[in-house]
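Residue strings, one per chain:
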Amino acid sequence: NKTNTNIIFHFLTRNDCDLTDMQAVKKVFMKIKPYIVIHLASMVGGVYENISNNYNLFIQNTRINTNIVEACNIFKIKKLINILSTCIFPDKDVTYPLTDDQIHNGPPHYSNIGYAYSKRILHIGSGLLPGVVDGTTKVVNIIPTNLYGENDNYNIKKAHVIPALIHKTYQAKICDTPLIINGNGNALRQFLYIDDLSNIIYNIAISINDKSRDLIICPPESSEISIKSIVNKIVNIFKFDGEIIYDSTQPDGQVKKTSQSNEEFINYKFTDIDIGLTKTIHYFINN
């Protein structure tokens, strides 16, 4: 039997525990007594939130990550599943497509250096867990490309690219104003629909034969798409026919982060971007 489907999942939010507070973290671990930890928590934002808030993103996320790793050590967790990000990869001195052996080859892009280094600390720290060293704890680091999906943060100033574009397009349509896009739209991304990632996380969680490893999760390289092309898809779904203005005085973030899934996910059928965008936009409009 390669899986355990009798797992009881406990879903925690920030209302259940302040993860920057070690005593609060130990208290919630003591209450639940977890066998597996799926570490999804982060203080996050899009490229402009990162640029303006790099220090705070580094400090808060480092606190969260080191507290989680230490609690896993204290309570002898059997499996820790971390969610990292392709932004942790170096901006230079890499070979595309990105592979998991290139994470620490150089500094990340300046635009999200605080968040990226906090995730690198999580990657290094969890690998040093005494349980990992003696083989009693398994650590699986999942490295997804840019995520999007229904239950996202649509705050225009803080959101990631797709939810911010959805909200901007919605506003431009109802207000009959031009749609203004920050940057020139040439940056390239591989967008990963959230249901695909959550299904993969679930299967890793229930597997009883897992081993410690790093896993890049992304649609194939052929699905890489420019921000300008994503804008065109979004405005078509909204049936927005107003003016689109690209403000090239604003930064674009990292130009490309072309990645390649680990071999076991090469044949995974990822959700088509048009289907995922349509679902996400309908959710936004209805809510």
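Cut-offs applied
Residues numbered from 1 in each chain as written. Predicted model: local features only at pLDDT ≥ 70, side-chain atom pairs only at ≥ 80, totals over all residues. Heavy atoms only, no water. Patch = residues over 30% accessible without salt bridge, like charges linked within 9 Å, V, L, I, M, F, W, Y side chains within 5 Å. Areas by Shrake-Rupley, 256 points an atom, 1.4 Å probe, with all protein chains shown as cover. Salt bridge = Lys/Arg side-chain N within 4 Å of Asp/Glu carboxyl O. Helix = DSSP H or I, 4+ residues; strand = E, 2+ residues; numbered from the N terminus. Buried < 20%, exposed > 50% of the residue type's maximum accessible area, 1.4 Å probe, protein only. Core = buried A, V, L, I, M, F, W, Y, C linked by side-chain atoms within 4.5 Å. Pairing = 2+ DSSP bridges. Axes fitted to C-alpha atoms, helices over the stretch in contact; angles between N-to-C directions. Contact = heavy atoms within 4.5 Å. Expected span 1.5 Å × (residues − 1). Arc of directions from axis to C-beta. Phe/Tyr/Trp six-rings, centres within 6.5 Å; stacked < 30°, edge-to-face > 60°. Lys NZ or Arg CZ within 6 Å of the ring centre and 35° of its normal.

K.L.:
How do you make sense of a nonpolar patch on the surface when you look at a structure like this?
P.N.:
A cluster of nonpolar side chains, contributed by Phe9, Phe11 and Tyr202, occupies part of the molecular surface with about 350 Å² of accessible area. Summarising the element assignment, Phe9 is placed in the segment before helix H1 (22-32).

K.L.:
Is there a simple way to think about the pattern of salt bridges in this case?
P.N.:
It is possible for side chains bearing opposite charge to pair when their charged atoms get close. Evaluation of the coordinates by the stated rule reveals four salt bridges. Between Arg213 and Asp210 there is a salt bridge whose closest N-O contact spans 2.5 Å. Residue classification places Asp210 among the buried residues on the basis of a relative accessible area of 12%. One network of salt bridges, with partners in common, ties together Lys79, Asp210, Arg213 and Glu264.

K.L.:
Can you help me understand the nonpolar core in this one?
P.N.:
Grouped burial of nonpolar side chains is what soluble globular proteins tend to show. Residues Phe29, Val37, Ile68, Cys72, Leu80 and Phe89 are the most contacted members of the largest nonpolar core, which totals 26 residues. When contributions to this core are tallied by element, the ones reaching two or more residues are H1, helix H3 (54-74) and strand S3 (138-144). When residues of this core are assigned to their parent elements, the largest contribution, five residues, is made by H3.

K.L.:
So what exactly am I meant to see when it comes to the sheet that holds strand S2 (residues 79-83) here?
P.N.:
Either a parallel or an antiparallel arrangement is found when strands of a sheet pair, and the pairing is made through backbone hydrogen bonds. Pairing is parallel in the open sheet, where four strands are placed in the order S1-S2-S3-S8. Either end of the sheet is taken by a strand with one partner, and the two such strands are strand S1 (36-39) and strand S8 (213-217). Adjacent strand axes in the sheet meet at a mean angle of 15 degrees, parallel and antiparallel pairs treated alike. In terms of strand pairing, S1 meets S2 through four bridges, oriented parallel. Along S2, the bridge assignment pairs Val37 with Leu80. Here helix H4 (residues 113-127) sits on the sheet and contacts S1, S2, S3 and S8; the angle it forms with S2, its principal contact strand, is near 160 degrees.

K.L.:
Hey, could you run me through helix H8 (residues 227-238) in this one?
P.N.:
One turn of the α-helix equals 3.6 residues, which is why residues spaced by three or four share an orientation. Compared with the 16 Å implied by 1.5 Å per residue over twelve residues, the 17 Å span of H8 between its first and last C-alpha is a close match. Buried within H8 we find Ile227, Ile230, Val231, Ile234, Val235 and Phe238. The buried residues of H8 occupy an angular sector of 130 degrees when the element is viewed end-on, so they sit on one face. The positive-phi residue at the C-terminal boundary of H8 is Lys239, with phi of around 60 degrees.

K.L.:
Help me out: how do you make sense of unusual backbone geometry in this one?
P.N.:
Most peptide bonds take the trans configuration, and most residues that are not glycine carry a negative phi. In the segment running from Tyr96 into Pro97, the intervening peptide bond is cis, with an omega of 0 degrees. Relative to the assigned elements, Pro97 resides in the loop between S2 and H4. Positive phi outside glycine occurs at Lys33, with the angle close to 55 degrees. One can find Lys33 in the loop between H1 and S1. One non-glycine residue, Asp176, lies in positive phi territory at about 55 degrees. The topology assignment puts Asp176 in the loop between helix H6 (161-175) and strand S5 (179-182). Taking the relative accessible area as the measure of exposure, Asp176 reaches 70% and is therefore exposed.

K.L.:
Would you explain the packing of aromatic side chains in this entry?
P.N.:
Ring pairs (aromatic) are described by centroid distance and by the angle formed between their planes. Evaluation of the coordinates by the stated rule reveals eight aromatic pairs. Ring geometry for Phe29 and Phe75: centres 5.7 Å apart, planes at 35 degrees, overall tilted. Taken together, the residues span a long stretch of sequence, with Phe29 in helix H1 and Phe75 in the loop between H3 and S2 at a distance of 46 residues. You can call Phe29 buried: its relative accessible area is 6%. Note on Tyr148 and Phe191: the rings are 6.5 Å apart at their centroids and 85 degrees apart in plane angle, and the pair reads as edge-to-face. Linking Tyr148 in strand S4 (residues 146-148) with Phe191 in strand S7 (residues 191-193), this pair joins segments that are 43 residues apart in sequence. Relative accessible area serves as the criterion here: at 1%, Tyr148 is assigned to the buried category. Sitting above the plane of the Tyr246 ring, Lys228 keeps its charged end 4.8 Å from the centroid. Looking at Lys256, its charged tip hangs above the ring of Tyr96, at a distance of 4.8 Å from the centre.

K.L.:
What am I meant to see in the pairing of S5 here?
P.N.:
Burial of S5 is one-sided: the residues Leu179 and Ile181 facing one way are buried, the residues Ile180 and Asn182 facing the other way are not. Sheet topology places S5 next to strand S10 (residues 244-247); four bridges connect them, and they run parallel. Residue pairing for S10: Ile180 is matched across the bridge by Ile245.

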